[in-house]
Amino acid sequence: MTKLRRDWPLILMTVPAIGLLLVFSYTPMLGTVMAFQQYSVYTGFAHSPWVGTANFELLLGDPLFWSAVRNTLVISAVQLVLYFPIPIALAILLNSILGPRVRGFIQSVVYLPHFFSWVLVVTIFQQMLGGAGVLNAFLRRHELGVWNVMTDPDTFKFLVTAQAVWKEAGWGIIVFLAALAAIDPQLYEAAAADGAGRWRRLWHITLPGLRGVIVLMLVLRLGNALTVGFEQMLIQRDMVGRDAAEVLDTFAYYYGVVNNNFSYGAAAGLFKGVLSLLLILAANRLAHSFGEDGLYRK
């Protein structure tokens, strides 16, 4: 009670955020009941017939659904390997090599794409790598043939990863820069006085200082692994074909919302949510086994 009286202004400040979570995050979760119904917008939740797990049985027997799962996992794995280390490397580079003025300028430049819409990002890549883009204009000029990267299903997973890196890597360095700022500068001074070079200071001071944050961000990334960008995939789905660009989010949209089969789409969304929860719990347990806090202390 003493803490409550002492901290009531801080608690009061959290009320708007809690209200937003309740209205826009937790209340809509009640709609997942339609995954167990033959839902109709005309009769609503109360009068739609209950079908139990029938929607999930249809879902698990649908080859298009498993194709979407496979695409989601492949794209997520590529992004985890190629995208996740880049914000860490950028943060270390900005923190340890560049001067304050240059660092501030580069931070502003790399932050900027985060505020672009996916429509604009895809348009920029289309102008650079599309059939009439800069790349193919160069190839034609030198009689090297044509390579339309934007419509190539084989390279699509690398294309969307490159788009995500260009758009979000700069924004992703914020957390790591904050973690770097928390490292005691005296550690670097002591190591330099003992003759440790730049790489040894990086290996023995910087990376250990970042380890907890890296593990936390990795756990969060794995929990969000099945969300690989709905808008990004939706825009490019018709260019490369369903076989390469159909992921769980677009599957739930096309076969649920577009086809007015809301129960089927809800079943796909609930499957994704449960699997994401299992992934984040497994990743957090793995973090604890390595002695890190993960999402919470054990």
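This text follows the structure it describes.
Residues numbered from 1 in each chain as written. Predicted model: local features only at pLDDT ≥ 70, side-chain atom pairs only at ≥ 80, totals over all residues. Heavy atoms only, no water.

Student: Honestly, the overall build of the protein chain in this entry has me stumped. Any pointers?
Tutor: In terms of helices and strands, the protein chain carries 15 helices and zero strands. Its C-alpha atoms give the protein chain principal-axis dimensions of roughly 80 × 75 × 35 Å. With 298 residues in all, the protein chain has 36% of them scored as buried. A separation of at least 24 residues holds for 65% of the contacts in the protein chain among residues at least 6 apart in sequence. Side-chain charges of the protein chain comprise 21 positive and 17 negative groups, with the mean position of each set lying 8 Å from the other. (Helix = DSSP H or I, 4+ residues; strand = E, 2+ residues; numbered from the N terminus. Buried < 20%, exposed > 50% of the residue type's maximum accessible area, 1.4 Å probe, protein only. Contact = heavy atoms within 4.5 Å. Lys, Arg positive; Asp, Glu negative; His and termini not counted. Charge placed at Lys NZ, Arg CZ, Asp CG, Glu CD.)

Student: What am I meant to see in the pattern of salt bridges here?
Tutor: Close approach of charged atoms lets side chains of opposite charge pair. Within the structure shown, the criterion is met by three salt bridges. Glu 168 is the salt-bridge partner of Lys 167, the closest N and O atoms lying 2.9 Å from each other. (Salt bridge = Lys/Arg side-chain N within 4 Å of Asp/Glu carboxyl O.)

Student: What's the story with unusual backbone geometry in this structure? I'm lost.
Tutor: Residues other than glycine predominantly adopt negative phi, and peptide bonds predominantly adopt the trans conformation. Positive phi, close to 60°, is recorded for Asn 260, a residue that is not glycine. Among the structural elements, Asn 260 can be located in the loop between helix 14 (248-258) and helix 15 (262-289). Note on Asn 260: relative accessible area 56%, which makes it exposed.

Student: Quick question: what am I supposed to make of the packing of helix 7 (residues 118-129) against helix 12 (residues 230-240) here?
Tutor: Packed helix pairs are characterised by how far apart their axes lie and by the angle those axes make with each other. Two elements in contact, helix 7 and helix 12, have axes separated by 9 Å at closest approach and are oriented at 40°. As far as their axial angle goes, helix 12 and helix 7 are oblique. Judged by the twist between their axes, the crossing of helix 7 over helix 12 is right-handed. Taken together, the residues of helix 12 that come into contact with helix 7 (itself represented by Trp 118, Val 119, Val 122 and Gln 126) are Glu 231, Gln 232, Ile 235, Gln 236 and Met 239. Counted by class, the contact of helix 7 with helix 12 contains five nonpolar, three polar and one charged residues. (Axes fitted to C-alpha atoms, helices over the stretch in contact; angles between N-to-C directions. Parallel < 35°, antiparallel > 145°, perpendicular 65-115°, else oblique. Left-handed = near helix turned anticlockwise from the far one by under 90°. Nonpolar A, V, L, I, M, F, W, Y, C, P; charged D, E, K, R; others polar.)

Student: Please clarify how the packing of aromatic side chains should be interpreted in this entry.
Tutor: The description of two aromatic rings rests on the distance between their centres and on the angle between their planes. Enumeration over the complete set of coordinates arrives at 16 aromatic pairs. Note on Phe 36 and Phe 56: the rings are 5.3 Å apart at their centroids and 45° apart in plane angle, and the pair reads as tilted. In this pair, Phe 36 sits in the loop between helix 1 (2-26) and helix 2 (44-47) while Phe 56 sits in helix 3 (residues 54-60), placing the two residues 20 residues apart along the sequence. Judged by its relative accessible area of 26%, Phe 36 falls in the partly exposed class. Judged by centre distance (5.3 Å) and plane angle (70°), the ring pair of Phe 65 and Trp 66 falls under edge-to-face. Exposure remark for Phe 65: the relative accessible area of 0% places this residue in the buried category. (Phe/Tyr/Trp six-rings, centres within 6.5 Å; stacked < 30°, edge-to-face > 60°.)

Student: Can you walk me through helix 5 (residues 85-96) in this structure?
Tutor: Note that an α-helix has 3.6 residues per turn; residues three or four places apart therefore point the same way. Given a rise of 1.5 Å per residue, 12 residues ought to cover 16 Å, and the 17 Å separating the end C-alpha atoms of helix 5 matches this to within 8%. All of the buried residues in helix 5 are Pro 87, Ile 88, Ala 91, Ile 92 and Leu 94. Contacts made by the buried residues of helix 5 are with helix 6 (100-111), helix 9 (156-181) and helix 11 (198-223). (Expected span 1.5 Å × (residues − 1).)

Student: Please clarify how the environment of Thr 206 should be interpreted in this entry.
Tutor: Mapped onto the elements of the fold, Thr 206 is located in helix 11. As for Thr 206 and Ala 225, which are separated by 19 residues in sequence, their C-alpha atoms are 27 Å apart.

Student: Can you help me understand the side chain of Lys 272 in this one?
Tutor: Position of Lys 272 relative to the elements: it lies in helix 15. A distance of 2.9 Å separates the side chain of Lys 272 from the side chain of Thr 227, its partner in a polar contact. A polar side-chain atom of Lys 272 sits 2.7 Å from a polar atom in the side chain of Asp 249. Lys 272 has contacts with Leu 226, Thr 227, Leu 248 and Asp 249, leaving out every residue within four places of it along the chain. (Polar contact = N/O pair within 3.5 Å; in protein donor to acceptor, adjacent residues only side chain to side chain.)

Student: How should I be thinking about the environment of Ala 193 in this particular structure?
Tutor: Here Ala 193 lies in helix 10 (residues 185-193). Along the sequence, Ala 193 and Met 128 sit 65 residues apart, while their C-alpha atoms lie 48 Å from each other.

Student: So what exactly am I meant to see when it comes to the packing of helix 11 against helix 15 here?
Tutor: With their axes 7 Å apart at the nearest point, helix 11 and helix 15 run at an angle of 160° to one another. Taken together, helix 11 and helix 15 sit at an angle that is classed as roughly antiparallel. Considering only the axes of helix 11 and helix 15, their crossing is right-handed. Where helix 11 approaches helix 15, its residues Val 215, Val 219, Leu 220, Leu 222 and Gly 223 are matched on the opposing element by Ser 276, Leu 279, Ile 280, Ala 283, Asn 284 and Ala 287. Among the residues forming the contact of helix 11 with helix 15, the class breakdown is eight nonpolar, three polar and no charged.

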